[in-house]
Amino acid sequence: MGALIGVIAQDNVLKNINQHLSPLIEQGYCSATLLREQSTPLACPILTLHLHLNDLSAKRSLIRLDWDKPNSTSIATCRETLSVCCRGLIENTEELQDRLAILGYLHDKPSTAQLAADLIHWHYRTQHDLLQAVHLAASEIIGVFAFGVVASDDPEHIVCTSKHIPLFIAQGKNTAGFSDQAQALQSIAPEIVRLEFGDTARLSSHDCRILNQEGSPCQRVCDEVQQAQIKLHGFHHYMQKEINEQAAIFADILDHTRSDANLAQLLDGDAASILCDVEGVTLLASGSSYHASLLARYWFESLAGLPCSVELASEYRYREAVQHHNTLIIAISQSGETADTIAALKYAQSQDHKHTLAISNASPSTLMQLARFQFFLAAGPEIGVTSTKTFSTQLLALFRLALSFGKLRGHLTPAAEASAIDDLQRLPRAASDLFSITPQIQEWAHRIYKSKQLFFVGRHLYYPLAQEAALKMQEVAYIHSFGFPAGELIHGPLTMVNKDLPVIACLPWNRLTEKLLANLQEVRARGGELFILSDTGLASADHFNVICMPHNLHDLTPILYGIALQTLAYETAILQDNEIDSPRFLSKSVTKI
C-alpha cells in the first residue's frame, strides 16, 4: 500500500516535511521516495529522511510513501522537463504505449509513472498549460490511480488528479498541499477539501484551481469532518474504510510487482530454482486465512497442476501427518503472530520440510522470520479486527503464486497466462465498480438483520467464500451463520429452510451455474428467501432477490464477491448497532494457543 503527498510553499517546504509525515509514520509507513525540483528522486527509510534533507531547500515537493521497501518506479521524468509521482495502475497500458511510441516516446514496459509522464508531456507540448495537459491525459487513462505532477518551466504550481483513489487538498497561509491521506494535510490548514472522481487540481502557494471530469472549472466545498474522523477519511468505521480502499491497494500491489507470472519476482531471486521441482503444496492457516487457503487450493490444482492440501493450524501439529518431503509448506497469518500458525510451521520444519513460505501483512513478524521464503502482502494497516483487505490481498497473493508455479512448471498455456494477466490488470477498477451496488446491499441488510440465523452457499471456489461470509457475519453482526457447499444442502441442511431463513448465494457464470440454480430451487420450493449475488443476468422474482455483479474476472471473481459480502456484513452490523471495529471477545492477533 502506498501514499501520495505533494506540497508547495513560498519558502522551503522541506523544513516542515516531518509535520506531514508524522501521522503516516504512526500508521506504519516505513519508506519514502521524495522528488524535489531539478534533482534525482531520493529513496530512503522514512525515519531517516530528515537526515538527507539537511541544508537542502525546495519550494515544492512530491513524496510517495510505502509500507515496505521504496517503490523505485513510482516517480518518473519525461524529457527532463516534467515529473510524475504516482500510485495505482493503468489498465489500458498497451493501447497508450502503442500510441506514444508513434509519437516518439519509446520505452520497453514503462512503469505507470513513466507512461503517465510521457502522456502528460505530449499534451503539455500542445496545450502549454499543465492543468489542461494533466486533465486531458487523465481522461484517456483507464485504471485506478492518483498522480502528482510538476514541470520545470512552471515552478509556481503542482497539479494532481485521480480516479478511484480519493484525493484531498488543503490551502493554508503561503502553503498548499494534496494527499490521498487526509491526516497528512492537517499541519497546512484545518479545512480539507475532498476532490471528486476525475477532478484535476492546480495548486500554488496562494490559490487553487479545479477542473471537473468534463474539464470545466468548479468549486469543491470543505469536508465537515470531525478531528476524530480525519484518519477515517470521512468514513464511519475503519472496517468501512478498509473495505473501500481495496481497489487502490490492488492497484499499488500490481504496479509495484507487475502482473507477470514470475515466481522470482514475487519471492527472492533463487525461489524459482529451489522450488521448481516441488511435488505438492500444504497450506497452514487459521480463521479467515484458512478460508483463503481453501479457496487457493482450487487455484494450485487447476493453474499449477500441484496437489494441494489445506490444514487448520490448530489441528495440524497434533496430527501424525504423512506428507512428501518435497512439499512446499505455506503458512498464512495476517499479523504474522498467530500462535497456532507459528506452532504449525515449527512442527512442519521438525518433520524435515525444507521448503517453507510465510505470507503475512507484517514484514518483521515471527512467522516471516521462521520461513525460508517470505511473501509480504503490503495491504497497509488494518485497524478493524475483522479481516477485510488482508483477506482479499491474501487471495491475490495466492492466485499469483499459483499462476507463477503454473508457468514455472509448464502447466499454464500462453493463452491462459495472457487471460489471467488481463484479469489481474482489470481487478482494481472492477473492485472499485462494486461500490455501485452498495445501495442494493444496504437494502438486503435491512431485510436480514433481524434474522436469527443465515445460510451462505456456493460451489467450487465459492464454497470457501460462503464459509468466510458466514464468519464475517458472526464476527460483526453476531448472527448465527453457516457456510455450506450448495450441493450438500440435500444432505441435511434443507431441513432448516423456512420462510424466516435467508439463504445468500454466490452464483457466477461458469460450468456449475445450472447445478447451483437447481440447488437454489430446492430452497425456494421450501419457502426459503433467496438472496443471490450473480453476474449471469438473472432477474429478481418472488423470494428470489438478485444483485447483478458488475464484472466477471474468471478465477479472480471470488475476490469481487468477497468484497460484496464484506459490505453486507458491515451494513448488517450497522443496523444491529454493534461495535464494528472491535467486536466483542475478539482481538486482532490470536497469540494464545
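Above this text is the structure in question.
Caption draft 1: Fine view of the overall build of the protein chain. The helix and strand inventory of the protein chain stands at 19 helices and 24 strands. Against the globule reference of 25 Å for 593 residues, the protein chain gives a C-alpha radius of gyration of 25 Å, in line with a compact fold. Dimensions of the protein chain, computed from the C-alpha atoms along their principal axes, are close to 70 × 55 × 50 Å. By the burial criterion, 59% of the 593 residues in the protein chain qualify as buried. A fraction of 72% describes how many contacts in the protein chain between residues 6 or more apart in sequence connect residues 24 or more apart. Element-wise, carbon and sulfur atoms account for 50% of the exposed surface of the protein chain, whose accessible area totals about 23,500 Å². Side-chain charges in the protein chain split into 45 positive and 62 negative, and the spacing between the mean points of these groups amounts to 2 Å.

Caption draft 2: Layout of the sheet that holds strand β12 (residues 200-203). Across the sheet, which stays open at both edges, the 7 strands sit in the order β5-β6-β7-β8-β12-β13-β14 with antiparallel pairing between neighbours. Each edge of the sheet is formed by a strand with only one pairing partner; in this case those strands are β5 (75-78) and β14 (217-218). Sheet topology note: the strand β6 (residues 82-90)/strand β7 (residues 143-151) ladder contains 9 bridges and is antiparallel. What sits directly across from C85, in β7, is G148. Contacting β6 and β7, helix α7 (residues 246-257) crosses the sheet at an angle of about 115° to β6.

Caption draft 3: How the structure looks around the environment of A431. Assignment of secondary structure puts A431 in helix α15 (residues 414-433). In this view, A431 contacts A247, F250, L560 and I563; residues no more than four positions away in its chain are not counted.

Caption draft 4: Representation of α15 within the structure. If you check α15, its first and last C-alpha atoms are 29 Å apart, about what 20 residues at 1.5 Å a residue would give, namely 28 Å. A bend of about 45° at L427 is the largest found in α15, and the proline P428 appears one to four places after it. Within α15 the residues assigned to the buried category are E417, A420, I421, D423, L424, Q425, L427, P428, A430, A431 and S432. Residues of α15 that are buried make contact with β6, α3 (93-102), β7, α7, α14 (389-408) and α19 (557-576).

Caption draft 5: Up close: the packing of aromatic side chains. In the structure shown here, the tally under the stated rule is 10 aromatic pairs. Judged by centre distance (6.5 Å) and plane angle (55°), the ring pair of F300 and F405 falls under tilted. Of this pair, F300 sits in helix α10 (residues 287-303) while F405 sits in helix α14, and the two are 105 residues apart along the sequence. According to the relative accessible area criterion, F300 is buried, its value standing at 0%. When the ring centre of Y105 is taken as origin, the NZ or CZ atom of R79, which lies over that ring, is 4.3 Å away. The positively charged end of R372 is found above the aromatic ring belonging to F373, 4.3 Å away from the centroid.

Caption draft 6: Molecular detail of the pairing of β12. Pairing of strand β8 (residues 158-163) with β12 involves 4 bridges; the strand directions are antiparallel. From the neighbouring strand, I158 faces β12, where its bridge partner is L203. Here β12 runs beside strand β13 (residues 208-211); their pairing, made up of 4 bridges, is antiparallel. By the bridge assignment, R202 is partnered in β13 with R209. As consecutive antiparallel partners, β12 and β13 are separated by 4 residues.

Rules of the game
Residues numbered from 1 in each chain as written. Predicted model: local features only at pLDDT ≥ 70, side-chain atom pairs only at ≥ 80, totals over all residues. Heavy atoms only, no water. Helix = DSSP H or I, 4+ residues; strand = E, 2+ residues; numbered from the N terminus. Rg over C-alpha atoms; globule rule 2.2 N^0.38 Å. Buried < 20%, exposed > 50% of the residue type's maximum accessible area, 1.4 Å probe, protein only. Contact = heavy atoms within 4.5 Å. Areas by Shrake-Rupley, 256 points an atom, 1.4 Å probe, with all protein chains shown as cover. Lys, Arg positive; Asp, Glu negative; His and termini not counted. Charge placed at Lys NZ, Arg CZ, Asp CG, Glu CD. Pairing = 2+ DSSP bridges. Axes fitted to C-alpha atoms, helices over the stretch in contact; angles between N-to-C directions. Expected span 1.5 Å × (residues − 1). Bend = angle between axes of the 7 residues up to and from the residue. Phe/Tyr/Trp six-rings, centres within 6.5 Å; stacked < 30°, edge-to-face > 60°. Lys NZ or Arg CZ within 6 Å of the ring centre and 35° of its normal.

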